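Working through the structure, step by step
The residues making up each chain are set out below.
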Amino acid sequence: MKKFGTLLIALILLCLTFGAVGCKEKGDFTEYVITCELNGNVLTGEEKVSYYNDTDNAISELKFNLFGNAFREGAKYSPIGAQYVHRAYPNGQSYGKMEIEGVQSNGKELQFSVCGEDQNILSVILLEEVFPNERVDVEIDYSLTLANVIARTGYTDKTINLANFYPILCGYDNGFYECVYYSTGDPFFSDCANYEVNFTYQADYVVASSGKLIDSKQLGERVTARYQLEKARSFALVLSKDFESVTDSSLGVQINYYFYDDQTPDKSLQYAVKSIKLFTEKFGEYPYPAYSVVQTEFIQGGMEFPALVMISDSLEQGAYGEVIVHETAHQWWQSVVGNNEIEHGFLDEGLAEYSVVVFYENYSEYGLKREQLIESSEKTYKVFCSVYDKIYGNVNTVMIRSLKDFTSEYEYVNMAYIKPCIMYDTLRRTVGDDAFFKCLKKYYKEYAFKNAKPDDLVGVFERSGTDANGFFYSFFEGKVII
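None of these values were measured; they are calculated from a predicted model.

Overview of the overall build of the protein
Within the protein, the secondary structure is distributed over 11 helices and 21 strands. Against the 2.2 N^0.38 benchmark of 23 Å for 482 residues, the protein shows a C-alpha radius of gyration of 22 Å, consistent with a compact globule. Along the first, second and third principal axes, the C-alpha set of the protein runs to 65 × 50 × 50 Å. Residues counted as buried form 59% of the 482 residues belonging to the protein.

This is the structure we're talking about:
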């Protein structure tokens, strides 16, 4: 996700002073078939999950994240940061919830419970253990009530954002990892899966989707559309009655830009087109048949999902293109090469932020140079350190931290975006462009559709002959002085 105050803040401060990816076959992924219908602010759905056990363990219990429950009344954690609450609820406080109606497997009822630290987990007890490389089919009937909130999931005056609109399997790392919906950062961790989504909605809406539209049919005032997306960590939709769109297919990818308030939509679209072109050259192949950039009401700058990104309609013109570039970079650094964003948010955010630097240095027509951007990032970081030192008497510059351990979003932005951006540029100047980008290509290829950890990133550089372990961990552990 792109926060307000990353490279944009840095720019303000400056002004003031190899081949295809992936190795897993289609059949090696869990599969979701979601059939859902939106009526007003309530979505009802049936989710068929064909779980593929790609772990080394026998599985007797499945756990799903219920992100929609983060918006319920009485939630332990607010899904909206305190500084954004007033803007996020322009019509007053509103609540939503996700309810599970029943769970079955092959016609037999399964024992289930809603549990977790904040009623954020659906636990499903299987009838039999599922062994490695085996499958089990589970059907979940559920409903999602949307809050009137400007967020990833919710309805507003202009749009309906449907991220996290279904129970999604917890990412697996020596067990299913239960995500708590913290307001700081992106509190998500999931594995790649194949999706088919059958979505019914009012005919006067235009729908932007993660997946490729396979077919649609209208019956009266309702439309049912079928979408497909393979090897994706999640699936998202955005609806608006006011959407217009422009498209570019010059790269062999259908790149769509949906908007309702943009006087220069072709210019905005070109940020996405140029980003995909450049990042394909620098990092590796974009894996999906389509990509949608969607203007919507959103309290942050933007938010990434596989093959779809949300861009806030409240951004100032100077930041709009930068956010499109940042979120597009997340198609490489999170959608394809994933990571646990709660524990290691800097892995994807830092690479996405440095990708913005790479973008501007390769497109000189935007008038931003690499040296300027890095100098600005360093100034931003030093201001942060000075502020925190004065407030707390010291400053914690450790990058490897859980979201729950950050004292503020300001601190998180500097540790997950700004400092990693400086780190990558320092490494690049040390090892040279050829070695640097060769390693990023290798990292992308080796961990495509998997979840990487900090050691995995370091290992790629180490195996290339670069003595990178000490370098990376001096940044990770807060030992380096900038």
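Now that the structure has been shown, we can carry on.
As for the sheet that holds strand 21 (residues 308-312)
The strands making up a sheet are joined through hydrogen bonds of the backbone, oriented either antiparallel or parallel. With mixed pairing, the five strands of this open sheet are ordered in space as 17-18-19-21-20. At either end of the open sheet lies a strand with only one pairing partner, and these are strand 17 (244-248) and strand 20 (302-305). Each adjacent strand pair in this sheet contributes to an overall mean axis angle of 15 degrees, direction not counted. In terms of strand pairing, strand 20 meets strand 21 through four bridges, oriented antiparallel. Pairing of G302 across the sheet is with I311, part of strand 21. Contacting strand 18 (254-259), strand 19 (290-296), strand 20 and strand 21, helix 4 (residues 317-329) crosses the sheet at an angle of about 155 degrees to strand 21.

Observations concerning the sheet that holds strand 9 (residues 153-155)
Pairing within the open sheet is antiparallel, and its four strands lie in the order 9-10-16-13. Edge positions in the open sheet fall to strand 9 and strand 13 (206-209), since each of these has one partner strand only. Neighbour to neighbour, the strand axes of the sheet diverge by 15 degrees on average, direction disregarded. Pairing of strand 9 with strand 10 (residues 160-162) involves three bridges; the strand directions are antiparallel. When the sheet's bridge partners are listed, G154 is paired in strand 10 with N161.

Focus on helix 11 (residues 469-476)
Within helix 11, six of the eight residues are buried, leaving the element largely enclosed by the surrounding structure. Every buried residue of helix 11 is listed here: F471, F472, Y473, S474, F475 and F476. On its buried face, helix 11 sits against helix 6 (345-362), helix 8 (409-431) and helix 10 (454-463). The first or second residue beyond helix 11 is G478, which carries a positive phi of 80 degrees.

Considering the packing of aromatic side chains
Taken as a whole and judged by the stated rule, the model has 50 aromatic pairs. The interplanar angle of 80 degrees and the centroid separation of 5.8 Å between the aromatic rings of Y177 and F189 together place this pair among those described as edge-to-face. Highlighted residues: Y177 in the loop between strand 11 (168-169) and strand 12 (193-202) and F189 in the loop between strand 11 and strand 12, separated in sequence by 12 residues. A relative accessible area of 22% places Y177 in the partly exposed class. Grouped by ring-pair contacts, the aromatic residues F346, Y354, Y424, F436, F437, F461, F471, F472, Y473, F475 and F476 constitute a single cluster. Seen from the ring of F437, K282 lies directly overhead, with NZ or CZ sitting 4.6 Å from the centre.

Things to note about the pairing of strand 1 (residues 30-39)
Judged by which residues are buried, strand 1 turns out to be one-sided: T30, Y32, I34, C36 and L38 face inward and are buried, whereas E31, V33, T35, E37 and N39, on the alternate face, are not. Two strands pair when backbone bridges link them, and strand 1 and strand 12 are joined in this way by eight bridges, in the parallel orientation. Note on strand 12: the bridge partner recorded for V33 is E196. Where strand 1 lies against strand 2 (residues 42-52), nine bridges are found, and the strand directions are antiparallel. Pairing of E31 across the sheet is with S50, part of strand 2.

A word on the packing of helix 7 (residues 370-392) against helix 8
Where helix 7 contacts helix 8, the axes come no closer than 10 Å and their chain directions differ by 140 degrees. Between helix 7 and helix 8, the crossing angle belongs to the class labelled oblique. Of the two elements, helix 7 crosses helix 8, and the hand of that crossing is left-handed. Note on element contacts: helix 8 touches helix 7 through Y410, E411, N414, M415, I418, K419, C421, I422, D425, R428 and R429, opposite R370, I374, S377, E378, T380, Y381, V383, F384, V387 and Y388. Of the residues in the contact of helix 7 with helix 8, the class split is 11 nonpolar, three polar and seven charged.

Describing the pairing of strand 16 (residues 237-240)
Where burial is concerned, the two faces of strand 16 agree: the one with L237 and L239 and the one with V238 and S240 are both buried. Pairing between strand 10 and strand 16: three bridges, direction antiparallel. Paired with I160 across the two strands is L239, which belongs to strand 16. As judged from the four bridges shared by strand 13 and strand 16, these two strands associate in the antiparallel manner. Bridging across to strand 16, A208 finds its partner in V238.

Here's the deal with helix 9 (residues 433-446)
Between the first and last C-alpha of helix 9 there are 20 Å, a value that for 14 residues agrees with the 20 Å anticipated at 1.5 Å per step. Among all positions of helix 9, only F436, F437, C439, L440, Y443 and Y444 are buried. One face of helix 9 carries all of its buried residues, which in axial projection span an arc of 155 degrees. Within helix 9, the exposed residues directed more than 90 degrees away from the buried face are D434 and K438. The inward-facing, buried residues of helix 9 contact helix 3 (265-282), helix 5 (331-336), helix 6, helix 8 and helix 10.

Thresholds, definitions, all that
Residues numbered from 1 in each chain as written. Predicted model: local features only at pLDDT ≥ 70, side-chain atom pairs only at ≥ 80, totals over all residues. Heavy atoms only, no water. Helix = DSSP H or I, 4+ residues; strand = E, 2+ residues; numbered from the N terminus. Rg over C-alpha atoms; globule rule 2.2 N^0.38 Å. Buried < 20%, exposed > 50% of the residue type's maximum accessible area, 1.4 Å probe, protein only. Pairing = 2+ DSSP bridges. Axes fitted to C-alpha atoms, helices over the stretch in contact; angles between N-to-C directions. Contact = heavy atoms within 4.5 Å. Phe/Tyr/Trp six-rings, centres within 6.5 Å; stacked < 30°, edge-to-face > 60°. Lys NZ or Arg CZ within 6 Å of the ring centre and 35° of its normal. Parallel < 35°, antiparallel > 145°, perpendicular 65-115°, else oblique. Left-handed = near helix turned anticlockwise from the far one by under 90°. Nonpolar A, V, L, I, M, F, W, Y, C, P; charged D, E, K, R; others polar. Expected span 1.5 Å × (residues − 1). Arc of directions from axis to C-beta.

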